Amino acid sequence: MKSAASFLFLCVALFGAVFAAPRAAEAAFDTSAKFAVLMDYETGEVLWGKNENETMYPASMSKLMTLDVLFGAIRDGSVSLDDEFIVSEYAWRTGGAASGSSTMFADLNSSVPVSALLKSIVIQSGNDACIVVAEALSGSEEAFAIRMTERGKEIGLKNSTFKNSTGWPHDEHVMTAYDLALLARHLIMEFPEFYPIFKERDFTWNGIRQGNRNPGLYLDSSVDGLKTGHTEAAGYGLTASAKRGDRRLILVLNGMENERMRADETVRVLDWGFRSFKNYKLFAAGTPVENAPVWQGVYREVPLVSASDINVVLSVDQRRDMKVTVAYETPLIAPVATGQKVGVLKIETLGAPVREYPLLAGGNVERQGIFSRALGALTHLVFGS
């Protein structure tokens, strides 16, 4: 395989320096949260984390999974926003006014529109609303929890197990900070029609007005979601998303001591994230990355291109140690077809896994005729090229 070291110098010329891995910034930054992850929305890359792959109690932040199942049911037409679900005695006692927990105060045996249940879950963190949805969609909360876990696996949540629809304490109801960030990114990306609800400041049901529990909405104008959580076992947590300009970050914090700490850390970590990291667009889809030599082809070279944009997120403060190389079998043997995978672009950064992007042939190179091939072989034998 050929490693195109010259490509590294091209990157230096483009950016004026060689940049460090985002994760290298960990040593210089910390949070009072026990679990944390900061994710770039566009790339899904983890910029910084703390115990982000350790399981924890997510409390009400796991309601994001309840919402994903509900959003999906609305999307596929099995449920309408105008449908009405009945508040069972179990939902009322376990998550309603009788429970003493976060609730929408829905009356026992009343009918509540799906649109109101949805807003209650997002804005009020209504436990009764979650259970009503769970029973309506799956027959029981237990069955719905199984559905949540299965759905989580489908979207890539590898370390999440759900035992209820609310986040109520249960030894086996666990997630990781990374899984929560991944879930938040999925919801924003997959259900843009519902995402604006997360920014609404209040919701009133049964004559009781309740404000959105997300402190970021009141302290940082760039924050537009998503969900808080708190139990004695979990501590105080928040899954937040913020957009500044054309950049969006997703933040998960959990295990803090009080509401004030949760609010302060949300603003501080997001501000640090936007200041410390920058998106760099290395190559647009279809743009030649390098030309590779072709043996016995009607053309001596073929451009190597990526099928998609190659973008990376780098620390602004740590500008060192990034290495970009192109590798492929050299020379390529004709015929070469447009779109044929012929190489790989590798990006190596300190403290992070090597990122690889397939490179494709950017054009057709047909094989030479027998006479030209023979002449080429003789030339190679005599002159070595």
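Thresholds, definitions, all that
Residues numbered from 1 in each chain as written. Predicted model: local features only at pLDDT ≥ 70, side-chain atom pairs only at ≥ 80, totals over all residues. Heavy atoms only, no water. Helix = DSSP H or I, 4+ residues; strand = E, 2+ residues; numbered from the N terminus. Buried < 20%, exposed > 50% of the residue type's maximum accessible area, 1.4 Å probe, protein only. Contact = heavy atoms within 4.5 Å. Areas by Shrake-Rupley, 256 points an atom, 1.4 Å probe, with all protein chains shown as cover. Axes fitted to C-alpha atoms, helices over the stretch in contact; angles between N-to-C directions. Parallel < 35°, antiparallel > 145°, perpendicular 65-115°, else oblique. Left-handed = near helix turned anticlockwise from the far one by under 90°. Nonpolar A, V, L, I, M, F, W, Y, C, P; charged D, E, K, R; others polar. Pairing = 2+ DSSP bridges. Salt bridge = Lys/Arg side-chain N within 4 Å of Asp/Glu carboxyl O. 1 Å grid on protein atoms, 1.4 Å probe; cavity = no way out; pocket = protein on both sides within 12 Å on 5 of 7 lines; lining within 4 Å. Points joined across faces, edges and corners; volume = space filled by probe spheres on them.

Side note on the overall build of the protein
Alright, step 1. Helix and strand counts for the protein come out as ten helices and 18 strands.
Alright, step 2. Residues counted as buried form 52% of the 385 residues belonging to the protein.
Alright, step 3. Of the contacts made within the protein by residues no fewer than 6 positions apart, 64% connect residues no fewer than 24 positions apart.
Alright, step 4. Accessible surface, the protein: about 17,200 Å² in total, of which carbon and sulfur atoms supply 52%.

Description of the packing of helix α2 (residues 63-75) against helix α4 (residues 114-124)
Alright, step 1. At a closest axis distance of 10 Å, the pairing of α2 and α4 adopts a crossing angle of 155 degrees. Classed by the angle they form, the pair α2 and α4 counts as roughly antiparallel. For the crossing formed where α2 meets α4, the hand is left-handed. Residues Lys 63, Thr 66, Leu 67, Leu 70, Phe 71 and Ile 74 of α2 touch α4, and the partners they reach there are Val 114, Leu 118, Ile 121 and Val 122.
Alright, step 2. Here the residues of the contact of α2 with α4 sort into eight nonpolar, one polar and one charged.

Things to note about the pairing of strand β12 (residues 290-295)
Alright, step 1. Side chains Glu 290, Ala 292 and Val 294 of β12 all project onto a buried face; the interleaved residues Asn 291, Pro 293 and Trp 295 project onto a face where none is buried.
Alright, step 2. Inspection of the sheet shows β12 paired to strand β13 (residues 301-305) by four bridges, in the antiparallel sense. The residue bridging Glu 290 from the neighbouring strand is Leu 304, located in β13.
Alright, step 3. What sits between the antiparallel neighbours β12 and β13 is a turn of five residues, in which Gln 296 has the positive phi angle 65 degrees.
Alright, step 4. Bridging between β12 and strand β16 (residues 332-333) involves two bridges; their strand directions are parallel. Bridged to Trp 295 within β16 is Ile 333.

Section: the pairing of strand β3 (residues 46-50)
Alright, step 1. Of all the five residues making up β3, four are buried; the element is thus mostly covered by neighbouring parts of the structure.
Alright, step 2. As paired elements, strand β2 (residues 35-40) and β3 share four bridges and run antiparallel to each other. Bridge pairing in β3 places Leu 38 opposite Trp 48.
Alright, step 3. Taking the residues between adjacent antiparallel strands as the criterion, β2 and β3 are bridged by five residues, where Gly 44 takes a positive phi near 75 degrees.

Quick look at the pattern of salt bridges
Alright, step 1. Summed over the entire model, instances satisfying the criterion amount to 18 salt bridges.
Alright, step 2. The salt bridge partner of Lys 281 is Glu 42, with a shortest N-O separation of 3.5 Å. Taken together, the positions of Lys 281 in strand β11 (residues 277-283) and Glu 42 in the loop between β2 and β3 put the pair 239 residues apart, joining distant regions of the chain.
Alright, step 3. Judged by its relative accessible area of 57%, Lys 281 is exposed.

Concerning empty space enclosed by the protein
Alright, step 1. What the rule picks out here adds up to two cavities of 30 Å³ or more.
Alright, step 2. Considered as a void within the structure, the largest cavity measures approximately 50 Å³ in volume.
Alright, step 3. Those elements that provide at least two residues to the lining of the largest cavity are α4 and β8 (223-231).
Alright, step 4. It is β8 that contributes the most residues to the lining of the largest cavity, three residues altogether.
Alright, step 5. Space inside the second largest cavity adds up to approximately 40 Å³.
Alright, step 6. In this structure, the second largest cavity is lined by Tyr 57, Pro 58, Ala 59, Gly 167, Trp 168, Pro 169, His 170, His 173 and Thr 231.

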